[in-house]
Amino acid sequence: MIPDTASSARQWVEGVARLTQPERIHWCDGSRKEYDALVTQLVRDGGLIPINGGQFADCYLHRSDPSDVARVERLTFVCTANREDAGPHNNWMPPQEAHRLLDGLFEGCMRGRAMYVIPYCMGPLASPFSRCGIEVTDSAYVAVNMRLMTRMGGSALERILREGEFVKGMHSIGELDPKRRYIMHFPEELSIRSFGSGYGGNALLGKKCHALRIASWQARQEGWLAEHMLIVEIETPDGEKRYLAAAFPSACGKTNLAMLEPPRELAGWKVRTVGDDIAWLHLDGDGQMRAINPEAGYFGVVPGTNRDTNNNAFEMLQRDTIFTNVGLTSNMEPWWEGRKRGAPALNWKGEPVKRGEKAAHPNSRFTVSARRNPSYSPMAEHEAGVPISALIFGGRRSQLAPLVMEARDWRHGVLMGAAMASESTAASSDSGKGIRRDPMAMQPFCGYNFSDYWAHWLSFAGRSDKLPRIYHVNWFRQDESGAYLWPGFGENLRVLQWILDRCEGRGDARETPIGHLPRREDLNLIGLDINPQALDSILAVDAGGWREEMESVAQYLAQYGDRLPQELLREHARITQALG
Ligand code: SAT
Ligand code: MN
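Everything quoted here is computed from the prediction, not taken from an experiment. (Residues numbered from 1 in each chain as written. Chains lettered and ligands numbered in written order. Predicted model: local features only at pLDDT ≥ 70, side-chain atom pairs only at ≥ 80, totals over all residues. Heavy atoms only, no water.)

Caption draft 1: Local environment of the overall build of the chain. What the chain contains, in helices and strands, is 16 helices and 29 strands. Against the 2.2 N^0.38 benchmark of 25 Å for 580 residues, the chain shows a C-alpha radius of gyration of 23 Å, consistent with a compact globule. Taking the principal axes of its C-alpha atoms as reference, the chain extends roughly 65 × 55 × 45 Å. Of all 580 residues assigned to the chain, the portion counted as buried reaches 61%. Residue pairs in contact within the chain that sit at least 24 positions apart in sequence constitute 73% of those at least 6 positions apart. (Helix = DSSP H or I, 4+ residues; strand = E, 2+ residues; numbered from the N terminus. Rg over C-alpha atoms; globule rule 2.2 N^0.38 Å. Buried < 20%, exposed > 50% of the residue type's maximum accessible area, 1.4 Å probe, protein only. Contact = heavy atoms within 4.5 Å.)

Caption draft 2: Highlighting the packing of aromatic side chains. Considering all chains together, one arrives at 21 aromatic pairs under this definition. Pairing phenylalanine 106 with phenylalanine 195 gives two aromatic rings, centres 5.2 Å apart and planes at 75 degrees, and the pair type is edge-to-face. Residue phenylalanine 106 is located in helix α4 (residues 95-106), and its partner phenylalanine 195 is located in strand β10 (residues 191-195); the two are separated by 89 residues in the primary sequence. We note that phenylalanine 106, like phenylalanine 195, is buried. Where phenylalanine 323 meets tryptophan 336, the ring centres are 5.9 Å apart and the plane angle is 25 degrees; that geometry is what we call stacked. Placement of the pair is phenylalanine 323 in strand β18 (residues 322-324) and tryptophan 336 in the loop between β20 (334-335) and β21 (365-369), with a sequence separation of 13 residues. By the burial criterion, phenylalanine 323 is buried, and tryptophan 336 matches it. Among the aromatic side chains, those forming a connected cluster through ring pairs are Phe393, Trp410, Tyr448, Phe450, Tyr453, Trp454, Trp457, Phe460, Tyr556 and Tyr560. Arginine 463 extends its terminal NZ or CZ atom over the ring of phenylalanine 460, reaching a point 4.6 Å from the ring centre. (Phe/Tyr/Trp six-rings, centres within 6.5 Å; stacked < 30°, edge-to-face > 60°. Lys NZ or Arg CZ within 6 Å of the ring centre and 35° of its normal.)

Caption draft 3: Quick peek at the domain arrangement of the chain. Segmentation of the chain into domains returns domain 1 (8-30 + 74-222), domain 2 (226-297 + 379-579) and domain 3 (299-364). Here the C-alpha centroids of domain 1 and domain 2 sit 31 Å apart. The interface of domain 1 with domain 2 comprises 35 residues on the first partner and 34 residues on the second. Across the domain 1/domain 2 interface, buried area totals approximately 3000 Å², and carbon plus sulfur atoms make up 56% of it. Applying the counting criterion to the domain 1 and domain 2 interface returns 6 salt bridges. Note that lysine 207 and glutamate 295 form a salt bridge whose closest N and O atoms lie 2.9 Å from each other. Elements supplying a minimum of two residues to the side of domain 1 that touches domain 2: α3 (83-86), β5 (114-122), α5 (140-149) and α8 (206-222). No other element matches α8, which puts 11 residues into the side of domain 1 that touches domain 2. Here the side of domain 1 that touches domain 2 is composed, by residue class, of 17 nonpolar, 9 polar and 9 charged. (Domains from an automatic or database assignment. Buried area = accessible area lost by both parts, 1.4 Å probe. Salt bridge = Lys/Arg side-chain N within 4 Å of Asp/Glu carboxyl O. Nonpolar A, V, L, I, M, F, W, Y, C, P; charged D, E, K, R; others polar.)

Caption draft 4: Structural detail: unusual backbone geometry. Even without a glycine there, the phi angle at methionine 440 is positive, about 50 degrees. Structurally, the position occupied by methionine 440 is in the loop between β26 (435-437) and α12 (450-459). Even without being glycine, phenylalanine 489 reaches a positive phi, approximately 45 degrees. Mapped onto the secondary structure, phenylalanine 489 falls in the loop between β27 (469-473) and α13 (493-503). Owing to a relative accessible area of 40%, phenylalanine 489 belongs among the partly exposed residues under this scheme.

Caption draft 5: Molecular detail of the environment of leucine 244. Turning to its location among the elements, leucine 244 is positioned in strand β13 (residues 241-247). Leucine 244 sits in the buried class, given a relative accessible area of 1%. Residues in contact with leucine 244, not counting those within four places in the same chain, are Leu230, Ile231, Val232, Ile234, Ile388, Ser389, Ala390, Ile392, Leu496, Ile499 and Leu500.

Caption draft 6: Inspection of the nonpolar core at higher detail. Ranked by internal contacts, the top residues of the largest apolar core, which has 118 residues, are Phe323, Leu391, Trp454 and Trp457. The dominant element in this core, judged by the number of residues it contributes, is α5, at 8 residues. Core analysis: the next-biggest nonpolar cluster, separate from the first, contains 37 residues, Leu230, Leu257, Ala534 and Ile538 among them. (Core = buried A, V, L, I, M, F, W, Y, C linked by side-chain atoms within 4.5 Å.)

Caption draft 7: Spotlight on the sheet that holds strand β3 (residues 60-62). Pairing is mixed in the open sheet, where 5 strands are placed in the order β2-β3-β18-β21-β17. Since the sheet does not close on itself, it has two edges, and those belong to β2 (49-50) and β17 (297-301), each with one partner. Note that β2 and β3 share 2 bridges and pair antiparallel. The residue of β3 that forms the bridge with proline 50 is tyrosine 60. (Pairing = 2+ DSSP bridges.)

Caption draft 8: Here's a closer look at the coordination of the manganese ion (ligand 2). The protein atoms that coordinate the manganese ion (ligand 2) are Lys208 (NZ), His228 (NE2) and Asp277 (OD), at distances of 2.2 to 2.3 Å. On the accessibility criterion, lysine 208 (6% relative accessible area) is buried. (Donors = N, O, S within 2.8 Å, 3.2 Å for Na, K, Ca; no water.)

Caption draft 9: View of the packing of helix α15 (residues 543-558) against helix α16 (residues 566-579). Relative orientation of the contacting elements α15 and α16 amounts to 155 degrees, with a least axis distance of 10 Å. One finds that α15 runs roughly antiparallel with respect to α16. Handedness of the α15/α16 crossing: left-handed. When α15 is examined against α16, the residues Ala543, Trp546, Arg547, Met550, Val553 and Ala554 are found in contact with a partner set consisting of His572, Ile575, Thr576 and Leu579. (Axes fitted to C-alpha atoms, helices over the stretch in contact; angles between N-to-C directions. Parallel < 35°, antiparallel > 145°, perpendicular 65-115°, else oblique. Left-handed = near helix turned anticlockwise from the far one by under 90°.)

Caption draft 10: Highlighting the packing of helix α2 (residues 32-45) against α5. Two elements in contact, α2 and α5, have axes separated by 10 Å at closest approach and are oriented at 145 degrees. Once α2 is placed against α5, the crossing between them reads as left-handed. Mapping the contact onto sequence places Arg32, Tyr35, Leu38, Val39, Gln41 and Leu42 in α2 and Ala140, Tyr141, Ala143, Val144, Arg147 and Leu148 in α5.

Caption draft 11: Up close: the pairing of β10. For β10, the tally of buried residues reaches 5 of 5 residues, placing the bulk of the element in the interior. The alternating pattern of β10 places Ser191, Arg193 and Phe195 and Ile192 and Ser194 on opposite faces, both of which are buried. Pairing between strand β8 (residues 167-172) and β10: 5 bridges, direction parallel. Pairing of serine 172 across the sheet is with phenylalanine 195, part of β10. Where strand β9 (residues 182-186) lies against β10, 5 bridges are found, and the strand directions are antiparallel.

Encoded structure:
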């Protein structure tokens, strides 16, 4: 199991051990036996709390440090040799300086602790599109989560030894001191160093750090895309399977859409999950875009999950799940806002719940293997990935953005993605309040200058004439009283139906300056309980509001200066002009 001393993997791990001085080194094999042993040890040390085994078999609760409950963008850096390559949207530090700082932090940090060596593969083990990495960590919680989230252990290590190349991830929880916390990326070295946090997105390095920040850099060099997208399979009543990939910011419903349950009126349609967070997109030899999900599990937002909002997720959480920062009922069941059953006794910090206080942290999470999902698509294991019919962008916008719109061509679609904006959520501890621009839902995750990223996106138009169509959706419009205008959840399938109809050249639409929008009669509304005025307002185009929006997009894009692709500006000018 432990590789040869001559291998680059072994040499790198030994170098890390010399720096961090662990008491012992544990090479993870990824077996169930090892997982159970790590869980037992975590329970003994208080890192995991067993949950009532009656309802929830083999489920545990982890309470993170109260200062460490979400990603911290302020402390996340992309360290490229040339500052411009990281771009204005990333924090940057010269690589040498970053290494010096981190060497200081990592020096001796694992004294008296075990060091876990986690070889993992992002994507199906046999897929040519998959990429491997090794995460070294002093957190057993990270090791058990990585086993649920990735293809981890012996088979990944075999592939690493065969290929000789892997992403090097070094992680230590340090003292969990927010003042000594950094999540640093070195795309040119294919390496990641994360110190001082045990939280998912900062500590499970295969996920955002590798599969998005480092992979987006590699993808640009190699001609593909690493995106913050779910991948969903939709089977029509005729048995035709279609695949969509959709980018929404964190905590905006990717997991719910990926696990959507069709409403009763749409019986005969089936929806299955390929991925809920990340998609790696490639063009095949015919110019067809195909997607793989690099992950093997879900790290999803818990609050709001119930039988009505996401029955598949609710089902899968009953077994082999690690909950982080939820509350507990008096009989040790996990509890969260929107669970709809029972009452909390303890909050996420383990204190008695006070009246009016939330028991679960708004960014509390579940970690569970994708195989537990009743709607998991077998195609998620397919080496060649799934063919993508349409790409969808979306944000949480209480105003302006209509229910759905279609870009008139690829270039317009790239601008739609670049102009995305969303209200902030609890997934990041420092994104502030209000609306922020979040291009392609990649603001926190794009590992290189957005100008170059948009140029890379635009370049696909010259490489294929079979590219997927591009759409923008918004499930979150509200009226003046704050009530949602669209029911969302399962009913979103009606919007996906229109999108698929359009892709097959069937569905109708009206042309507007901001794109093609369905009229009321173009949507399948059978059995849908919705107020006609509400429907009209989410299908309307507010030209004045859009003129202001385009002005704000222009201001946002201006910060990218001369590096910004002119094509994007020309597209912006075309739409502004059309708006009059
Ligand atoms: O914390 S994660 O980045 O893993 C989840 C999210 O915020 O999308
Ligand atoms: Mn995410």
